[in-house]
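A look at the structure
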Amino acid sequence: MAARYAIANTVVPEGAKAPEKVQLKIARDTALSEEKEKAVDAAKKEKVEQREGLKKRTQAYEKEYADHQKKLVDLRREAKLGGNFFVEPEAKLLFVVRIVGIIKLS
């Protein structure tokens, strides 16, 4: 949660004595800044892992699509060599009718 907020950097000049409340604020801010750094680093690592996973999944899908296209080309060539016709596969079509209205308003 600390990663969402800006944390002020309170500095006390050298040799000056700071009040107790200011010292407590400085201690709190240093703890929050450390927590923020850890949260930001964890978020970066998570994002890198997510991107790597997406990249691997994309490569798998691209390979699957290329294999499918290659299979279709091979089937067309095979049909042509055999003197037959190749019928292209058609897309699946779904037709849905909703009988009841949205939240039973209609």
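Notes on the structure follow. (Residues numbered from 1 in each chain as written. Predicted model: local features only at pLDDT ≥ 70, side-chain atom pairs only at ≥ 80, totals over all residues. Heavy atoms only, no water.)

**A few points about the overall build of the chain**
Secondary structure assignment for the chain yields 1 helix and 0 strands. Reported as C-alpha extents along the three principal axes, the dimensions of the chain are approximately 95 × 50 × 15 Å. Out of the 106 residues belonging to the chain, those deemed buried represent 6%. About 10700 Å² of surface is accessible on the chain, with carbon and sulfur atoms providing 58% of the total. For the chain, the distance from the average site of its 23 positive side-chain charges to the average site of its 17 negative ones is 4 Å. (Helix = DSSP H or I, 4+ residues; strand = E, 2+ residues; numbered from the N terminus. Buried < 20%, exposed > 50% of the residue type's maximum accessible area, 1.4 Å probe, protein only. Areas by Shrake-Rupley, 256 points an atom, 1.4 Å probe, with all protein chains shown as cover. Lys, Arg positive; Asp, Glu negative; His and termini not counted. Charge placed at Lys NZ, Arg CZ, Asp CG, Glu CD.)

**Here's the deal with helix H1 (residues 20-82)**
With 63 residues, H1 extends 93 Å between its outermost C-alpha atoms, agreeing within 8% with the 93 Å of an ideal straight helix rising 1.5 Å per residue. Residues Asp29, Leu72 and Ala79 constitute the buried set of H1. A positive phi of about 80 degrees marks Gly83, the residue just after H1. (Expected span 1.5 Å × (residues − 1).)

**Here we look at the pattern of salt bridges**
Any two side chains of opposite charge can pair if their charged atoms end up close together. All chains considered together, the criterion is met by 3 salt bridges. With a closest N to O distance of 3.2 Å, Arg28 and Asp29 form a salt bridge. Residue Lys63 is joined to Asp67 by a salt bridge in which the shortest nitrogen-to-oxygen separation is 3.2 Å. Of this pair, Lys63 and Asp67 both sit in helix H1, separated by 4 residues, roughly a single helical turn. With a relative accessible area of 54%, Lys63 lands in the exposed category. (Salt bridge = Lys/Arg side-chain N within 4 Å of Asp/Glu carboxyl O.)

**Quick notes on the environment of His68**
By the secondary structure assignment, His68 is in helix H1. A relative accessible area of 43% places His68 in the partly exposed class. With 33 residues separating them along the chain, His68 and Glu35 place their C-alpha atoms 49 Å apart.

**Things to note about the environment of Ala66**
Assignment of secondary structure puts Ala66 in helix H1. With 12 residues separating them along the chain, Ala66 and Glu78 place their C-alpha atoms 18 Å apart.

**Here's the deal with a nonpolar patch on the surface**
A cluster of nonpolar residues, Phe95, Val97 and Ile99, forms a patch on the protein surface that exposes about 440 Å² of accessible area. For Ile99, the location among the structural elements is in the segment after H1. Using a relative accessible area of 80% as the deciding quantity, one classes Ile99 as exposed. (Patch = residues over 30% accessible without salt bridge, like charges linked within 9 Å, V, L, I, M, F, W, Y side chains within 5 Å.)

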